[in-house]
Amino acid sequence: MWLPAKYNFLLFIVPALVYPIAGLLVGEPFTDPTAADLVLLPAVMVLTSNIGYAFKSQHEKSGVVDERDTRNIDLALTVTGMVLLVSITVIYIGYAATSDIVPTEMDYLATAGVVTIFLVLGGTEAYQRL
Amino acid sequence: MDNNLRVERAKADITQQELADAVGVSRQTIYAIEKSKYDPSLELAFKLAIYFDCSIEDLFEPDLD
């Protein structure tokens, strides 16, 4: 039995995001991570965690994954989404206050955030009404 | 939400782990419910009620204030 998709998503995405800033946290200068850095470590994390969970599932009656953990993850992802959207807005305000041009990547992030909100809201509304 | 899970579990003389195994969740989830730190889903509430052969209202008391 493998870990649920939501766990695998987090196990991949969190190390991938932490890796580029890990050096900064210990006082080292920032270095651009390679694509391998961003994929290899998270992939190893996902693989070893799934193997560990599969082993544990075979030897224990009750698993470590249940609805409480899933709900906690949902809450964490919801708060993360809100923080990111507020951060994007603050960054836009910062650019608006200066004469700097907003990087294209910021526009992509903001678009992805807004589109995701409407897709999720629209999808759930449609599912519940139809 | 208040609940009588701990009382019902004591009456049934089973451990948190045994109840957790019976309803398919972790022991930590049973602990969290008993401490009123986590409100279970409707599905889990039904499983608990079925396990103790009682109604959901016998197990859980909502705060309606």
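This text gives an overview of the structure that appears in the document. (Residues numbered from 1 in each chain as written. Chains lettered and ligands numbered in written order. Predicted model: local features only at pLDDT ≥ 70, side-chain atom pairs only at ≥ 80, totals over all residues. Heavy atoms only, no water.)

Regarding the interface of chain B and chain A
Here comes step 1: With 13 residues of chain B in contact, the opposing surface of chain A contributes seven residues.
Here comes step 2: Taken over both partners, the interface formed by chain B and chain A buries close to 830 Å², and the fraction arising from carbon and sulfur atoms is 45%.
Here comes step 3: In terms of surface lost to chain A, no three residues of chain B exceed B:Asp21, B:Ser26 and B:Tyr38, which account for 52% of the buried area on that side.
Here comes step 4: Linking chain B with chain A are seven residue pairs in polar contact (both at pLDDT 80 or more).
Here comes step 5: Looking at the side of chain B that touches chain A, the elements that each hand over two or more residues are helix H2 (16-23) and helix H3 (27-34) of chain B.
Here comes step 6: In terms of residue count, H3(B) provides more of the side of chain B that touches chain A than any other element does, three residues in total.
Here comes step 7: Looking at the side of chain B that touches chain A residue by residue, the classes come out as five nonpolar, six polar and two charged. (Contact = heavy atoms within 4.5 Å. Buried area = accessible area lost by both parts, 1.4 Å probe. Polar contact = N/O pair within 3.5 Å; in protein donor to acceptor, adjacent residues only side chain to side chain. Helix = DSSP H or I, 4+ residues; strand = E, 2+ residues; numbered from the N terminus. Nonpolar A, V, L, I, M, F, W, Y, C, P; charged D, E, K, R; others polar.)

Section: the pattern of salt bridges
Here comes step 1: All told, the structure shown has seven salt bridges over all chains when counted by the stated rule.
Here comes step 2: As a salt-bridge pair, A:Arg129 and A:Glu125 come within 2.5 Å of each other at their nearest N and O atoms. Of the two residues, A:Arg129 and A:Glu125 are both situated in helix H4 (residues 104-129); the distance of four residues between them amounts to about one turn of the helix.
Here comes step 3: With its nearest N and O atoms 3.5 Å apart, the salt bridge here joins B:Lys11 to B:Glu8. Pair noted here: B:Lys11 and B:Glu8 are both in helix H1 (residues 5-12), with a separation of three residues, about one helical turn.
Here comes step 4: For B:Lys11, a relative accessible area of 63% gives the class exposed.
Here comes step 5: It is possible to trace a salt-bridge network through shared partners that takes in B:Arg6, B:Arg9 and B:Glu34. (Salt bridge = Lys/Arg side-chain N within 4 Å of Asp/Glu carboxyl O. Buried < 20%, exposed > 50% of the residue type's maximum accessible area, 1.4 Å probe, protein only.)

What to know about the layout of surface pockets
All names here are of chain A.
Here comes step 1: Of the voids in this model, the largest pocket is the one considered here, and its volume is about 870 Å³.
Here comes step 2: Every residue lining the largest pocket is counted, 24 residues in all, and those nearest its centre are Leu77, Thr80, Gly81, Met82 and Leu84.
Here comes step 3: Broken down by secondary-structure element, the contributors of at least two residues to the lining of the largest pocket are helix H1 (5-25), helix H3 (67-97) and H4.
Here comes step 4: Per-element accounting of the lining of the largest pocket gives the leading share, 11 residues, to H3. (1 Å grid on protein atoms, 1.4 Å probe; cavity = no way out; pocket = protein on both sides within 12 Å on 5 of 7 lines; lining within 4 Å. Points joined across faces, edges and corners; volume = space filled by probe spheres on them.)

Brief notes about the environment of B:Arg27
Residue and element names in this part refer to chain B.
Here comes step 1: Position of Arg27 among the secondary structure elements: in helix H3.
Here comes step 2: Along the primary structure Arg27 and Glu61 are separated by 34 residues, whereas in three dimensions their C-alpha atoms are 22 Å apart.
Here comes step 3: If near-sequence neighbours (up to four positions away) are discounted, Arg27 is found in contact with Gln16, Gln17 and Ala20.

Looking at H1(B)
Residue and element names in this part refer to chain B.
Here comes step 1: If you check which residues of H1 are buried, you get Leu5, Glu8 and Arg9. All buried residues of H1 project into a common sector of 100° when viewed along the axis, lining one side. What points out from H1, more than 90 degrees from its buried face, is the exposed set Arg6, Ala10 and Lys11.
Here comes step 2: For H1, the secondary structure elements touched by its buried residues are strand E1 (2-3), H2, H3, helix H4 (42-52) and helix H5 (56-59).
Here comes step 3: Just past H1, the residue Asp13 takes up positive phi, approximately 55°. (Arc of directions from axis to C-beta.)

Purely geometric numbers; function is a separate question.
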